[in-house]
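Below, each chain spelled out in residue letters.
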Amino acid sequence: MSSDSPRLRADARRNVEGIRTAALDVFRAHGLNSPLDEVARAAGVSKGTIYHRFGGRQGLIDSVVEELVAERILGIITAVSAIEDPVERFEGYLRQIWLLQYDEPAANDVLLRALPGSEPIAALCEHASKVAGGFLGEAQATGAIRDDLTSEDVYLLIWERGIIARACDQNHRDGFIRSYEHTLRGLRAGT
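Residues numbered from 1 in each chain as written. Predicted model: local features only at pLDDT ≥ 70, side-chain atom pairs only at ≥ 80, totals over all residues. Heavy atoms only, no water.

Moving on: the environment of Ala22. Checked against the element boundaries, Ala22 lands in helix 1 (residues 5-30). Along the sequence, Ala22 and Val39 sit 17 residues apart, while their C-alpha atoms lie 5.6 Å from each other. The contacts of Ala22, once residues within four sequence positions are left out, are Val39, Ala42 and Ala43. (Helix = DSSP H or I, 4+ residues; strand = E, 2+ residues; numbered from the N terminus. Contact = heavy atoms within 4.5 Å.)

Moving on to a nonpolar patch on the surface. Where nonpolar side chains cluster on the molecular surface, the patch consists of Leu156, Trp159 and Ile163 and spans about 250 Å² of accessible area. Mapping Trp159 onto the fold places it in helix 8 (residues 151-167). On the accessibility criterion, Trp159 (36% relative accessible area) is partly exposed. (Patch = residues over 30% accessible without salt bridge, like charges linked within 9 Å, V, L, I, M, F, W, Y side chains within 5 Å. Areas by Shrake-Rupley, 256 points an atom, 1.4 Å probe, with all protein chains shown as cover. Salt bridge = Lys/Arg side-chain N within 4 Å of Asp/Glu carboxyl O. Buried < 20%, exposed > 50% of the residue type's maximum accessible area, 1.4 Å probe, protein only.)

So, on to the environment of Phe135. Here Phe135 shows up in helix 7 (residues 119-140). For the pair Phe135 and Phe90, spaced 45 residues apart in the sequence, the C-alpha separation amounts to 5.1 Å.

Further remarks concern the packing of aromatic side chains. The description of an aromatic ring pair rests on the distance of the ring centres and on the angle between the ring planes. If you walk through the whole model with that rule in mind, you get four aromatic pairs. With a centroid separation of 5.5 Å and 65° between ring planes, the pair formed by Tyr93 and Phe135 is classed as edge-to-face. Of this pair, Tyr93 sits in helix 5 (residues 86-103) while Phe135 is found in helix 7, placing the two residues 42 residues apart along the sequence. Residue Tyr93 is classed as buried on the basis of its relative accessible area of 1%. Residue class for Phe135 comes out buried when judged on its relative accessible area of 7%. Between Trp98 and Tyr180 the ring centres are 5.3 Å apart and the planes differ by 50°, which places this aromatic pair in the tilted class. Here Trp98 is found in helix 5, whereas its partner Tyr180 is found in helix 9 (residues 173-186), with 82 residues between them in sequence. Taken individually, Trp98 and Tyr180 each receive the classification buried, so the pair is uniform in this respect. Three or more aromatic residues joined by ring pairs form one cluster here, namely Trp98, Tyr102, Phe176 and Tyr180. Here Arg161 stacks its cationic end above the ring of Trp98, 5.7 Å away from the centre of that ring. Over the aromatic face of Phe176 sits the side chain of Arg161, whose NZ or CZ is 5.7 Å from the ring centroid. (Phe/Tyr/Trp six-rings, centres within 6.5 Å; stacked < 30°, edge-to-face > 60°. Lys NZ or Arg CZ within 6 Å of the ring centre and 35° of its normal.)

Core analysis: the biggest nonpolar cluster contains 56 residues, and Phe27, Phe90 and Tyr93 have the highest contact counts within it. Looking at this core element by element, the count peaks at 11 residues for helix 4 (residues 57-81). Sequence-distant contacts of Phe27, that is, excluding residues within four places in its chain, are made with Leu32, Ser34, Val39, Arg57, Leu60, Ile61, Val64, Leu68 and Ala106. (Core = buried A, V, L, I, M, F, W, Y, C linked by side-chain atoms within 4.5 Å.)

This brings us to the packing of helix 5 against helix 8. With their axes 9 Å apart at the nearest point, helix 5 and helix 8 run at an angle of 30° to one another. One way to sum up the angle between helix 5 and helix 8 is to call them roughly parallel. Crossing handedness for the pair helix 5 and helix 8: right-handed. For the pair formed by helix 5 and helix 8, the contact residues are Phe90, Tyr93, Leu94, Ile97, Trp98, Gln101 and Tyr102 on the first element and Val154, Leu157, Ile158, Arg161, Gly162 and Ala165 on the second. Partitioned by chemical class, the residues of the contact of helix 5 with helix 8 number 10 nonpolar, two polar and one charged. (Axes fitted to C-alpha atoms, helices over the stretch in contact; angles between N-to-C directions. Parallel < 35°, antiparallel > 145°, perpendicular 65-115°, else oblique. Left-handed = near helix turned anticlockwise from the far one by under 90°. Nonpolar A, V, L, I, M, F, W, Y, C, P; charged D, E, K, R; others polar.)

All right, on to helix 8 then. Compared with the 24 Å implied by 1.5 Å per residue over 17 residues, the 25 Å span of helix 8 between its first and last C-alpha is a close match. Val154, Leu157, Ile158, Arg161, Gly162 and Ala165 are the residues of helix 8 that are buried. When helix 8 is viewed along its axis, its buried side chains cluster within an angular range of 140° and face the same direction. Packing partners of the buried residues in helix 8 comprise helix 5, helix 6 (105-111), helix 7 and helix 9. (Expected span 1.5 Å × (residues − 1). Arc of directions from axis to C-beta.)

In structure tokens form, the structure reads like this:
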């Protein structure tokens, strides 16, 4: 074993962490479909190094998705779970998820399931859908939310808002909020 081996391993570790840090920055700003060349440039490595260390885009995304998006979604779930009123909890969940989709392109890509081959993303989306379904059921039990609304409808509402968020310019955030408030009012019973 040469005396250079430990140094190379340390360099490789620095490369991996540099790539992960660059990927977090690039994906947060521009979404999961950002060019890997951009990530490589930000990390100061070649695109080939990304492929060598992560196997490509999917492996890189899977390595950062927890920090990139999962923590935010799980934080939303924790925060709204503390809301006592079931209707406020359900609506609060949708509001926060929709704002996350608008504010963070990578989170929107995850919630739109733009990468169906990613097991960590699929598991995160499945968990979020299950939680949303639970919030919906509890809110419907109060009689305040339409009883014909299904968990699939809620998923489609999140998906639709994601498409709208992609189409909006950041200067229109107030309009995006105004629009989803109209949607929430339409979910109320008797509307």
